[in-house]
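Spelled out, the chains give:
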Amino acid sequence: MNIKKHVKRGLWNHLMKSGVEMGLASIIYEVGVASKYVNHAMRTGDLGMAGTSNLYGEDQLALDVMADEIIKDRLDHTGRVSRIISEEQSEIVIFERLNRTGGYSVCYDPLDGSSLVDVNLSVGTIVAIYAGDDPLQSGRHQVGAMYVLYGPRTTLVYGTGNGVHEFTLNSLGEYVLTREYITLKARGKIFSPGGVRRDYLPEHEKIVQKLEQDGYKLRYSGGFVPDINQILLKGGGLFMYPATTTAKHGKLRLPFELNPMAYLIELAGGAASDGRRPILDLDCYDLDQRSPVYIGSREEVELATQYFT
Ligand code: F6P
Ligand code: MN
């Protein structure tokens with residue numbers, strides 16, 4: 001085995017070779033470290049619920065709460081993070097440990113789709129990173145984003161302005177580069193429609209009908225991370241979670257879910273829109289802010305927006 005070559009393909013080495021600023025690189029790397037513990041907890045833990053006890057009589061944390069704690073601690077440990085918001089926290093958390101100027105703010109969803117763990121489907125961690133002390137900014141200001149997908153394999157995908165890259169967790173616990181500079185074609189062949197069809201608005205119903213007529217294949221797992229990952233790695237397609245008659249802002253959250261995924265998909269040459277405006281241009285002012293979303297390859301997103309003008 002060529003050890004030198006092997007070492008070069010690790011996550012930290014890739015971050016350094018790509019010239020990613022040290023603080024930003026540490027955040028991405030430490031989320032990677034945290035994800036190994038999340039992964040382990042998910043694969044080996046009791047199938048207990050929050051509020052129940054484990055074998056030792058201790059209160060057992062639900063996986064999403066545990067994932068939140070693990071990631072929060074690792075982010076604090078970097079000494080480069082000043083503020084976080086998490087889908088599991090109700091307000092902005094301030095870190096005291098920041099010992100340098102030029103820190104970062106991080107928004108994350110520790111375990112998106114956590115209810116799918118019980119039925120053994122794939123779930124993920126999603127992260128958005130901003131420079132400075134304000135975690136509630138429009139997604140356009142992100143300096144990096146990443147996700148970890150806990151599937152049959154555990155993969156980590158990151159971007160910091162220069163391409164989108166995938167790493168796969170090996171049996172030694174290392175994230176090893178598996179795909180570099182992932183790109184989306186202008187159009188794909190699959191679509192992932194969230195929401196209940198009975199509750200669709202007329203514009204959205206027409207979009208879905210058009211995709212069906214054009215022969216797009218249905219691919220919807222109910223997990224945002226695996227559904228987006230499939231579109232990214234298959235090189236195209238459209239994921240939608242629309243505004244409905246019962247939820248006029250849709251379901252998915254802007255700071256933790258939509259902004260980081262929109263950043264990565266745009267970086268890979270795709271697009272993301274709420275139907276009228278790019279997701280990355282939306283003002284973000286609330287932790288619980290939601291938005292409808294059309295995200296994937298450029299032509300399908302463009303097609304969707306035509307129905308709203
Ligand atoms: O966190 C939201 C989430 O679980 C996403 O992972 C997923 O895309 C969506 O909800 C699925 O929603 P629904 O169950 O309504 O299809
Ligand atoms: Mn979520």
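Keep in mind that what you see is a predicted model, and the values were worked out from it rather than measured.

What about helix H4 (residues 63–77)?
- With 15 residues, H4 should cover 21 Å at 1.5 Å per step; its first-to-last C-alpha distance of 21 Å lies within 8% of that length.
- Within the sequence span of H4, burial applies to Asp64, Ala67, Asp68, Ile70, Ile71, Lys72 and Leu75.
- Against helix H3 (22–44), strand E1 (81–86), strand E3 (104–112) and strand E4 (123–131) lie the buried residues of H4.
- Positive phi appears at Gly79, one or two residues downstream of H4, with a value of about 70°.

Details of the packing of helix H6 (residues 224–234) against helix H7 (residues 254–267)
- Where H6 meets H7, the axes come as close as 12 Å, and the angle between the chain directions of the two elements is 10°. Classified by the angle between their axes, H6 and H7 sit roughly parallel to one another. Listed contacts from H7 to Phe224, Val225, Ile228 and Leu232 of H6 are Glu257, Leu258, Met261 and Ile265.
- Its residues placed into classes, the contact of H6 with H7 shows 7 nonpolar, no polar and 1 charged.

Thoughts on the nonpolar core
- Leu232, Phe239 and Met261 are the most contacted members of the largest nonpolar core, which has 39 residues in total.
- Among the secondary structure elements, those contributing two or more residues to this core are E4, strand E5 (142–150), H6, strand E11 (238–241), H7 and strand E13 (293–296).
- The element that contributes the greatest number of residues to this core is H7, accounting for 8 residues.
- Counting residues domain by domain, this core receives three or more from each of domain 1 (3–179) and domain 2 (190–306).
- Not counting residues within four places of it along the chain, the set of residues in contact with Phe239 comprises Ser192, Tyr220, Phe224, Asp227, Ile228, Ile231, Leu252, Val293, Tyr294 and Ile295.

A short note on the layout of surface pockets
- Reported here for the second largest pocket is a volume of approximately 370 Å³.
- Among the residues forming the lining of the second largest pocket, the class breakdown is 8 nonpolar, 3 polar and 7 charged.

Side note on the pairing of E1
- Counting buried positions along E1 gives 5 out of 6 residues, so the element sits mostly inside the fold.
- Sheet topology note: the E1/E3 ladder contains 5 bridges and is parallel. From the neighbouring strand, Arg83 faces E3, where its bridge partner is Ser105.
- Relative to strand E2 (residues 93–94), E1 runs antiparallel, the two being bridged by 2 bridges. Counted as the bridge partner of Arg83 is Ile94 from E2.

What to know about the domain arrangement of the protein
- Per the domain assignment, the segments of the protein are domain 1 (3–179) and domain 2 (190–306).
- Spacing between the C-alpha centres of domain 1 and domain 2 amounts to 23 Å.
- Listed per partner, the contact involves 43 residues of domain 1 and 29 residues of domain 2.
- For the domain 1 and domain 2 pair, buried surface summed over both sides reaches about 2700 Å², with 66% attributable to carbon and sulfur atoms.
- For the domain 1 face of the interface with domain 2, the top three residues by lost area are Leu136, Arg140 and Tyr147, together amounting to 24%.
- With a closest N to O distance of 3.6 Å, Glu87 and Arg253 form a salt bridge.
- Put simply, domain 1 and domain 2 have 8 residue pairs in polar contact (both at pLDDT 80 or more) between them.

Definitions and limits used
- Residues numbered from 1 in each chain as written.
- Chains lettered and ligands numbered in written order.
- Predicted model: local features only at pLDDT ≥ 70, side-chain atom pairs only at ≥ 80, totals over all residues.
- Heavy atoms only, no water.
- Helix = DSSP H or I, 4+ residues; strand = E, 2+ residues; numbered from the N terminus.
- Expected span 1.5 Å × (residues − 1).
- Buried < 20%, exposed > 50% of the residue type's maximum accessible area, 1.4 Å probe, protein only.
- Contact = heavy atoms within 4.5 Å.
- Axes fitted to C-alpha atoms, helices over the stretch in contact; angles between N-to-C directions.
- Parallel < 35°, antiparallel > 145°, perpendicular 65-115°, else oblique.
- Nonpolar A, V, L, I, M, F, W, Y, C, P; charged D, E, K, R; others polar.
- Core = buried A, V, L, I, M, F, W, Y, C linked by side-chain atoms within 4.5 Å.
- Domains from an automatic or database assignment.
- 1 Å grid on protein atoms, 1.4 Å probe; cavity = no way out; pocket = protein on both sides within 12 Å on 5 of 7 lines; lining within 4 Å.
- Points joined across faces, edges and corners; volume = space filled by probe spheres on them.
- Pairing = 2+ DSSP bridges.
- Buried area = accessible area lost by both parts, 1.4 Å probe.
- Salt bridge = Lys/Arg side-chain N within 4 Å of Asp/Glu carboxyl O.
- Polar contact = N/O pair within 3.5 Å; in protein donor to acceptor, adjacent residues only side chain to side chain.

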